[in-house]
Amino acid sequence: TTSKKRAITMKFAVCSLALLASASAFAPAAVNTRSTSLQMSLKNDMANFGKFALAGAIAVGVAAAPAQAITKAEINQLSYLQVKGTGLANRCPEVIGEDSITPKAGARFSEMCIEPKAWAVEEDIGKGGKTEKKFVNSKVMTRQTYTLDGIEGKIESVGGNLVLTEQEGIDYAATTVQLPGGERVPFLFTVKDLVAKGNAGSFKPGFQMGGDFNTPSYRTGLFLDPKGRGGTTGYDMAQGLPGLQSGEEGDDDLFKENNKTFDVTQGRIEMEVNKVNAEESEIGGVFVATQLGDTDMGSKVPKKILSKGIFYARIE
């Protein structure tokens, strides 16, 4: 029948788009290298940089073009085999519409998806005998498993403005990006314990929200380094080098390597809603987030990482 033909045609189009998306997900970018201090103020950085970055994200089209948009309804029509191997599972649905949603008391957000589309690492760039910190574009090396999904939480109204509190979901993803010189920077992309404060009492195009979140250690206590040392298991020191690890002078060079720590740092995210579908209770938009990278369990200074992309959520 005509309706069946239309359904088959639509599924074929979505699958074709997914294949194109997976092929272009790892397009190379350009970059350079160096590190920052652990005790940095991401909040101040985002206050100065967040709004500008959000505007830039919208201007250069961080969100996919409308012709490439895949809605939640279209994704739900596909079977597992139609999605498998296409990269579609790593993409966030996109929203069509410019409506307005005013959450009621006790409202929640669910199925939140956060998909980064561009990454940059802060580096010390030298020029004319001077150095300055700049974010340099980097290339993602992780396969298509870096998108956060299924995030849920509560929505409250404080002083007439909405406040979203993240509670559960697939809210972290181990990710690695590569600088132009070849150096790779691992980090845990996450929004754990996010409390995002909005600037209005309803979701509509132009609504902005932002807040801090916790970034757990990239590695857990069970991880063992090449010398067999770990946080909660493994050797206390590198075997074969006892003379340098006696507690006397000379031990300082290996102290951080021997004494592993589980560092929890703070990140910040700014989000702006640009699409709202009241009929489906969906919102979508763009985000900019900054956080610290891997500390190698306390033995090195982490780099600051900037992520930009799109997000999706349902309001219940």
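Turning to the environment of Val 195, a few remarks are in order. Looking at where Val 195 falls in the secondary structure, it is placed in strand 7 (residues 195-198). When the C-alpha positions of Val 195 and Gln 167 are compared, they lie 9.6 Å apart, and in sequence the two are 28 residues distant. Excluding residues within four positions of it along the chain, Val 195 makes contact with Val 163, Leu 164, Thr 165, Gly 210, Gly 211 and Asp 212.

On inspection of all chains with the given rule, the structure shows 20 salt bridges. As a salt-bridge pair, Arg 314 and Glu 111 come within 3.8 Å of each other at their nearest N and O atoms. Pair noted here: Arg 314 is in strand 11 (residues 304-315) and Glu 111 is in strand 1 (residues 108-127), with a separation of 203 residues, a long-range link. Accessibility expressed as a relative area gives 22% for Arg 314, which makes it partly exposed. A salt bridge links Arg 229 to Asp 225; the shortest N-O distance between them is 2.9 Å.

Alignment of strand 1 against strand 3 (residues 148-158), held across 4 bridges, turns out to be antiparallel. Directly across from Phe 109, in strand 3, lies its bridge partner Gly 153. As judged from the 8 bridges shared by strand 3 and strand 4 (residues 161-170), these two strands associate in the antiparallel manner. Its bridge partner lying in strand 4, Ile 155 is registered against Leu 164. Here strand 3 hands over to strand 4 after 2 residues, with Gly 159 in that stretch at a positive phi of 65 degrees.

Looking at the protein chain, the pLDDT average stands at 81 and 74% of residues meet or exceed 70. Note on residues 17-43: pLDDT under 50 across the span, and 74 contacts to partners over four residues away in sequence or across chains. For the stretch residues 57-61, pLDDT sits under 50, and the model shows 3 contacts to residues farther than four places along the chain or on other chains.

This part takes up unusual backbone geometry. Positioned with a positive phi, Ser 281 is a non-glycine residue whose angle comes to about 55 degrees. Position of Ser 281 among the secondary structure elements: in the loop between strand 9 (265-277) and strand 10 (282-292). Residues other than glycine seldom take positive phi values, yet Met 297 does so here, at roughly 60 degrees. Looking at the element boundaries, Met 297 is found in the loop between strand 10 and strand 11.

With respect to the element layout, Glu 166 can be found in strand 4. Buried and unpaired, Glu 166 has no salt bridge, with Lys 192 as the nearest side chain of opposite charge at 6.1 Å. A polar side-chain atom of Glu 166 sits 2.9 Å from the main-chain amide nitrogen of Asp 193. Discounting chain neighbours no more than four positions away, the residues touching Glu 166 are Phe 109, Ile 151, Glu 152, Gly 153, Asp 171, Val 191, Lys 192, Asp 193 and Leu 194.

Calculation notes
Residues numbered from 1 in each chain as written. Predicted model: local features only at pLDDT ≥ 70, side-chain atom pairs only at ≥ 80, totals over all residues. Heavy atoms only, no water. Helix = DSSP H or I, 4+ residues; strand = E, 2+ residues; numbered from the N terminus. Contact = heavy atoms within 4.5 Å. Salt bridge = Lys/Arg side-chain N within 4 Å of Asp/Glu carboxyl O. Buried < 20%, exposed > 50% of the residue type's maximum accessible area, 1.4 Å probe, protein only. Pairing = 2+ DSSP bridges. pLDDT = per-residue confidence, 0-100. Lys, Arg positive; Asp, Glu negative; His and termini not counted. Polar contact = N/O pair within 3.5 Å; in protein donor to acceptor, adjacent residues only side chain to side chain.

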